[in-house]
Amino acid sequence: MSQIKKITVNGQQYNMVQASAIQQRTLMSLVGAQVAFNSANSQTKQIDKTLIKGLMLALPESTLIEVSDIILHQTAINGSKDGLVTVESFQGKINSYFDLLAEGLVANLADFFSWLDSENAETAKLNQM
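All figures in this text were calculated on a predicted structure; none of them were measured in a lab.

About the cut-offs
Residues numbered from 1 in each chain as written. Predicted model: local features only at pLDDT ≥ 70, side-chain atom pairs only at ≥ 80, totals over all residues. Heavy atoms only, no water. Phe/Tyr/Trp six-rings, centres within 6.5 Å; stacked < 30°, edge-to-face > 60°. Buried < 20%, exposed > 50% of the residue type's maximum accessible area, 1.4 Å probe, protein only. Helix = DSSP H or I, 4+ residues; strand = E, 2+ residues; numbered from the N terminus. Contact = heavy atoms within 4.5 Å. Pairing = 2+ DSSP bridges. Axes fitted to C-alpha atoms, helices over the stretch in contact; angles between N-to-C directions. Expected span 1.5 Å × (residues − 1). Bend = angle between axes of the 7 residues up to and from the residue.

**Some details on the packing of aromatic side chains**
For step 1, the next point in the chain: A complete count under the given rule lists five aromatic pairs for this structure.
For step 2, the next point in the chain: Between Phe-112 and Phe-113, the aromatic rings sit 5.9 Å apart at their centres with planes inclined by 45°, giving tilted as the arrangement. Here Phe-112 and Phe-113 have matching classes, each one buried.
For step 3, the next point in the chain: Judged by centre distance (6.1 Å) and plane angle (25°), the rings of Phe-112 and Trp-115 are stacked. On the criterion of helical spacing, the pair formed by Phe-112 and Trp-115 is a turn pair, its members being three residues apart in helix H5 (residues 110–128).
For step 4, the next point in the chain: On the basis of relative accessibility, which here comes to 12%, the residue Phe-112 falls in the buried class.
For step 5, the next point in the chain: In this structure an aromatic cluster arises from ring pairing among Tyr-14, Phe-90, Tyr-97 and Phe-98.

**A short note on the side chain of Asn-108**
For step 1, the next point in the chain: Among the structural elements, Asn-108 can be located in helix H4 (residues 94–108).
For step 2, the next point in the chain: What Asn-108 contacts, discounting residues up to four positions off in sequence, is Gln-18, Ala-19, Gln-24 and Leu-27.

**A word on the pairing of strand E2 (residues 12–17)**
For step 1, the next point in the chain: Pairing of strand E1 (residues 4–9) with E2 involves six bridges; the strand directions are antiparallel. Looking across to E2, one finds that Lys-5 is bridged to Met-16.
For step 2, the next point in the chain: Connecting E1 to the antiparallel partner E2 that follows it, the hairpin turn spans two residues, and Asn-10 within it adopts a positive phi of roughly 50°.
For step 3, the next point in the chain: Pairing of E2 with strand E3 (residues 75–77), which is carried by three bridges, proceeds in the antiparallel orientation. By the bridge assignment for E3, Met-16 is matched with Thr-75.

**Examining the sheet that holds E1**
Two strands in a sheet stick together by hydrogen bonds in their backbones, pointing the same way (parallel) or opposite ways (antiparallel).
For step 1, the next point in the chain: Taken together, three strands build an open sheet; the order of strands is E1-E2-E3 and the sheet is antiparallel. Strands at the two margins of the open sheet, each flanked by one partner only, are E1 and E3. Between one strand axis and the next, the sheet turns by 25° as a mean value, whatever way the strands run.
For step 2, the next point in the chain: With respect to the sheet, H4 is in contact with E1, E2 and E3, its orientation differing from that of E1 by roughly 145°.

**Considerations on helix H1 (residues 21–41)**
For step 1, the next point in the chain: Taking 1.5 Å per residue, 21 residues should reach 30 Å; H1 reaches 28 Å between its end C-alpha atoms and fits that length.
For step 2, the next point in the chain: At Val-31, H1 shows its maximal bend, which comes to roughly 50°.
For step 3, the next point in the chain: Turning to H1, its buried residues number three or more, namely Gln-24, Leu-27, Val-31, Gly-32, Val-35 and Ser-39.
For step 4, the next point in the chain: Positioned one or two residues after H1, Gln-43 has a phi angle of 55°, which is positive.

**Some points on unusual backbone geometry**
For step 1, the next point in the chain: In this structure, Asn-10 takes a positive phi of about 50° despite not being glycine.
For step 2, the next point in the chain: When you line up the elements, Asn-10 lands in the loop between E1 and E2.
For step 3, the next point in the chain: By relative accessible area, which is 57% here, Asn-10 ends up exposed.

**Focus: the environment of Leu-116**
For step 1, the next point in the chain: Topologically, Leu-116 is positioned in helix H5.
For step 2, the next point in the chain: Sequence separation of Leu-116 and Val-35 is 81 residues, and the distance between their C-alpha atoms is 8.8 Å.
For step 3, the next point in the chain: In this structure Leu-116 touches Val-35, Ala-36, Ser-39 and Ile-47, once residues within four positions along its chain are discounted.

Here it is in structure tokens:
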């Protein structure tokens, strides 16, 4: 059963339908290893939108499109009758597009990110001994 996530980006609220488990698996295979690598190497304590946004900016265009298609597959502006948002919805505000993608990735892979955070914390603790 799909969950609707309410995400606010730069004052605009979006209703985002969480991706299916199959689509989440695809997201994991597209970005999971890079998130793990980046979070471990940056010694980040908690994976957040800033780390994810940086990752999005480094993705090849074809991968970014695939990630975007999964994340935005059923995303609409809250209260709007304009239909689903696409990259074209962000003309002149492309930074907000990347913010929305980052928030959407966090919403879809939160359990993986939490697990990575705990693994990174454990590794940091062992390295201090």
